[in-house]
Amino acid sequence: MTVIAVIGSQWGDEGKGKVVDFLAERADYVARFNGGNNAGHTVINEFGTFKIHLVPSGIFAQNTVGLIGGGVVIDPAVLIEEVEMLNKAGVGVDGRLWISPRSHLIMPYHKILDGLYEEAKGAGATGTTRRGIGPVFADKVSYNGIRWTDFTSDMFEKRLATQLELKNKIIAALGGEVLKYEAVRDEYRGYYLKIKPYIKELFSLVQDGLKADKTFLLEQAMGTFLDTDWGTYPFVTASTTIPSAASAGLGIPPKYIQNVVGVTKAYTTRVGAGPLPTEIHDTDSEVYKKFGEVAATTGRIRRVGWLDLEIVKTAAQLSGMTEICLTKLDVLSGLEEIKVCTRYELSCDPVRYADVDAYGLDKVETVYETVPGWSEDISKAKSFEELPVNAQKYVQMIEDAAGVPVKWIGVGPEREATIRR
Ligand code: GDP
Ligand code: IMO
Ligand code: MG
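Calculation notes
- Numbers given to residues run from 1 along each chain, matching the order in which its sequence is written.
- Chains carry letters and ligands carry numbers; both start at the beginning, A for chains and 1 for ligands, and go up in the order they are written.
- Totals for whole chains, interfaces and linings use every residue, but because this is a predicted model, local features are given only for residues with pLDDT of at least 70 and side-chain atom pairs only at 80 or more, for both listing and counting.
- To get the side-chain values, take all heavy atoms of the structure and skip hydrogens and water.
- With a 1 Å grid laid over protein atoms only, a set of points is called a cavity when a 1.4 Å probe fits there but cannot get out and a pocket when it is open yet has protein on both sides within 12 Å along at least five of seven lines; lining residues have an atom within 4 Å of a point.
- Grid points are joined across faces, edges and corners, and a volume is the space filled by probe spheres set on the points.
- Runs of E in the DSSP output that reach at least two residues are strands. Runs of H or I that reach at least four are helices, and both are numbered from the N terminus.
- A carboxyl oxygen of Asp or Glu within 4 Å of a side-chain nitrogen of Lys or Arg is what we treat as a salt bridge.
- Here the term buried applies to any residue with accessible area under 20% of the maximum for its type, exposed to any over 50%, and partly exposed to those in between, with areas from a 1.4 Å probe on protein chains only.
- Strands qualify as paired when DSSP identifies two bridges or more between them.
- Any residue with a heavy atom positioned within 4 Å of a molecule or strand is treated as near that molecule or strand.
- Polar contact is the term for a pair of N or O atoms within 3.5 Å; when the atoms are in protein, one must be able to donate a hydrogen and the other to accept it, and sequence-neighboring residues count only if both atoms are side-chain atoms.
- Residue-level accessible areas treat just the shown protein chains as cover; the underlying method is Shrake-Rupley with a 1.4 Å probe.
- Under the scheme applied, nonpolar residues are Ala, Val, Leu, Ile, Met, Phe, Trp, Tyr, Cys and Pro; charged residues are Asp, Glu, Lys and Arg; polar residues are all the others, including Gly.

Peer 1: Account for the layout of surface pockets, with residues named and values stated.
Peer 2: When its volume is computed, the second largest pocket comes out at roughly 400 Å³. Forming the walls of the second largest pocket are 22 residues, and the residues nearest its centre are Asp-13, Gly-15, Thr-42, Lys-328 and Pro-413. Those elements giving two or more residues to the lining of the second largest pocket turn out to be helix H1 (16-23) and strand E3 (41-45).

Here it is as structure tokens:
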């Protein structure tokens, strides 16, 4: 069996959607295992341009089966809209998309609380997507969650009544608008009826697939440094994002996860608050304008920075990365010089990412190497050899630092704009 985990090496938005889309042609199963609809994965292929939040980005490959594991949290309205959108685009997901009954639901109070907590924190806010992610995972691990399986009995009504009693008190205390039981119950019963045909326990399907030597492509949401434990806490997301999360979030024993593709952007971006050691602050600079992106989920402007090799190297170590897919190399074209952070120092001593916390990371000195850029448009390049020598050297510098081969290079947002090495 081949189990391939696709992991973002930075702070999310590395281009995981595109990579999963092009790797899916050789996958039997494509699966999401963590996070929720805080994710926004862009896919551009023969079906059109999509920003996907919940359905695995590999669903466009017609022979694949999409799985949403129990580790994923789901806003049902977002899921229904996404499924309808994909069906309308001719992707045809019915009969090949399965959702674990163990997955937790994002309830209206999770979204309200997410907003209220952010506002209460003021300048110390995380800058969340306000999709209810922190509160729903908090409920999951404190035994207060609501899962799809609860709808098969009156457990949903019972649990909702208890939760509303608790949550309305908190919402009222924080000055928010309380929720009405009947309205939430009817709304969510309605969602369940629509999603029911897609709900199926994944245990046997996954176990049988592993036994039958099937290929699983596991699509991480968020990035390595938004991981609750290994990210820049408290400026992180509420789920484990490193490959081990796929074990709990899908029921795949860890020993099977042998291929880890690290999706690495040729520069760095981050949305929301928290340290970004190589951040470029000059909003008038050519490079700021070049690197600029709009977030796929919230429409916010992404913060940008130079490539940080300490971050990529740490991600490679944490995830046991076996290959790198370098994305957005084309964006660097036209820069005369490119800065790359090769390591950190604190009081003139070398320091690793893991040695400092999020506040310490804001204080580290980033040591840069400046390398020559290239002027050629590389968006049509089909082979590594076709790339300008300086672009080739940039790629080699990344693999040397990470100790992991760069197997694919993205030279444009479309599926075909990918060089295989
Ligand atoms: P994800 O969350 O990791 O799937 O990434 P996003 O979709 O949020 O952000 C990545 C952005 O980069 C999207 O706009 C993609 O279309 C775009 N993209 C991905 N790979 C490439 C590439 O190699 N070159 C260019 N120019 N754009 C890319
Ligand atoms: P993809 O899968 C980039 C960030 C938010 C915020 C922090 C916590 O598209 O790469 P949350 O709503 O999760 O509680 O917010 O995490 N964040 C992301 N940043 N890409 C994402 O997903 C993200 N998902 C969450 O901006 O800083
Ligand atoms: Mg994204």
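Peer 1: Which residues make up the pattern of salt bridges, and what are the values?
Peer 2: Summed over all chains, the structure comprises 20 salt bridges. Arg-189 is the salt-bridge partner of Glu-157, the closest N and O atoms lying 2.8 Å from each other. With Glu-157 in helix H5 (residues 155-173) and Arg-189 in helix H6 (residues 181-195), the pair connects residues that are 32 residues apart, well separated along the chain. Residue Glu-157 is classed as buried on the basis of its relative accessible area, which comes to 18%. The exposure class assigned to Arg-189 is partly exposed, which follows from its relative accessible area of 23%. One salt-bridge network, in which partners are shared between bridges, spans Asp-13, Lys-265, Glu-293, Arg-302 and Lys-328.

Peer 1: Report on the pairing of E3, specifying residues and quantitative values.
Peer 2: Along a regular strand, successive side chains alternate from one face of the sheet to the other. Burial along E3 is one-sided: the residues His-41, Val-43 and Asn-45 are buried and none of Thr-42 and Ile-44 is. Sheet analysis places E3 next to strand E4 (residues 48-52), joined by five bridges and oriented antiparallel. Residue pairing across strands places Val-43 opposite Phe-50, the latter belonging to E4. Between E3 and E4, which pair antiparallel one after the other, the connecting turn spans two residues.

Peer 1: Help me get a handle on the site of ligand 2, residues and values and all.
Peer 2: Near ligand 2, the surroundings consist of 21 residues, among which Lys-16, His-41, Thr-129, Met-222 and Thr-237 are the closest. Gly-40 is positioned such that a nitrogen or oxygen atom in its backbone is 2.9 Å from an oxygen atom of ligand 2. Taking Arg-300, its side chain carries an N or O atom lying 3.0 Å from an oxygen atom of ligand 2. Summarising the interface, the protein chains cover 97% of the accessible area of ligand 2, which totals 550 Å² for the free molecule. Its residues assigned to classes, the shell around ligand 2 comprises eight nonpolar, 10 polar and three charged.

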